[in-house]
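Breakdown of the fold
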Amino acid sequence: MHNNQRRMFLKKTSILALSIFSFPNILEAKNTIVDDLTSFCFTLFPHKGLSLKYYEKCSLALLNSEDKKLIKEGVLKLNKIYNTSFSKLDYQQQKKVLIYISSIDKSFFVKVKSYLVTGLYNNKQTWNYFGYEGASFSKGGYLYRGFDDISWIKG
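Remember, it's a predicted structure, so these values are computed and weren't measured experimentally.

Let's shift gears to helix α4 (residues 91-104). The terminal C-alpha atoms of α4 lie 20 Å apart, and with 14 residues this matches the ideal 20 Å at 1.5 Å per residue to within 8%. Residues of α4 that are buried include every one of Q94, V97, L98 and I101, and no others. Along the long axis of α4, the arc covered by the buried residues comes to 105 degrees, so they all point the same way. Among the exposed residues of α4, those pointing more than 90 degrees away from its buried face are K96 and I99. One side-chain oxygen at the N-terminal end of α4 lies 3.0 Å from the backbone nitrogen of Q92; it belongs to D90.

What follows is the structure, given as structure tokens:
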């Protein structure tokens, strides 16, 4: 091998090695933000039988919204409270962080909460879990369809 070929070989292999070793760290950092925000969403509106994929879908939408800077900064604040990832805290600690963050960062808290109301509850894929059958107008309204058959209203 000539010196030029050797240099090119070393350059290409070192770039490849660098990308292989740094790529998982990039993914881990990105997933941590998604995991932390997903855990925060669940802590705000905990429904134990509802798949976390619906909370994650809301998290991804928030992180890709026009308010993504506000959301990312809010997640960083969550993690600073206990100096660890929010998703790694136990549920009781998460609730304490939620209460605290609601008082120090109202814009983040209100943005996530208001998005979840529509993102979680206005998602047709979650309606079955909540016992919601959809709009009733086209079916004669609730009055004539057994309004009291929704189990979660009864308590």
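Here we take up helix α5 (residues 106-121). Across its 16 residues, α5 extends 22 Å between first and last C-alpha, which sits within 8% of the 22 Å expected from 1.5 Å per residue. Among the residues of α5, those classed as buried are F108, F109, V112, L116, G119 and L120.

In a soluble, globular protein the nonpolar side chains are often hidden away together inside. Grouped together as the largest cluster of nonpolar side chains are 27 residues, with contacts concentrated most on L37, F40, L44, F108, V112, L116 and L120. At the level of secondary structure, the elements contributing two or more residues to this core comprise α1 (3-44), α2 (52-63), α3 (68-81), α4 and α5. Excluding residues within four positions of it along the chain, V112 makes contact with L37, F40, C41, L44, L62 and I71.

Next up on the list: a nonpolar patch on the surface. There is a patch of nonpolar side chains on the surface, built from I81, Y82, Y100 and I104 and spanning about 350 Å² of accessible area. One can find Y82 in the loop between α3 and α4. A residue is classified by how much of its surface remains accessible, and Y82, at 35% relative accessible area, is partly exposed.

What counts, and where the lines are drawn
Residues numbered from 1 in each chain as written. Predicted model: local features only at pLDDT ≥ 70, side-chain atom pairs only at ≥ 80, totals over all residues. Heavy atoms only, no water. Helix = DSSP H or I, 4+ residues; strand = E, 2+ residues; numbered from the N terminus. Expected span 1.5 Å × (residues − 1). Buried < 20%, exposed > 50% of the residue type's maximum accessible area, 1.4 Å probe, protein only. Arc of directions from axis to C-beta. Polar contact = N/O pair within 3.5 Å; in protein donor to acceptor, adjacent residues only side chain to side chain. Core = buried A, V, L, I, M, F, W, Y, C linked by side-chain atoms within 4.5 Å. Contact = heavy atoms within 4.5 Å. Patch = residues over 30% accessible without salt bridge, like charges linked within 9 Å, V, L, I, M, F, W, Y side chains within 5 Å. Areas by Shrake-Rupley, 256 points an atom, 1.4 Å probe, with all protein chains shown as cover. Salt bridge = Lys/Arg side-chain N within 4 Å of Asp/Glu carboxyl O.

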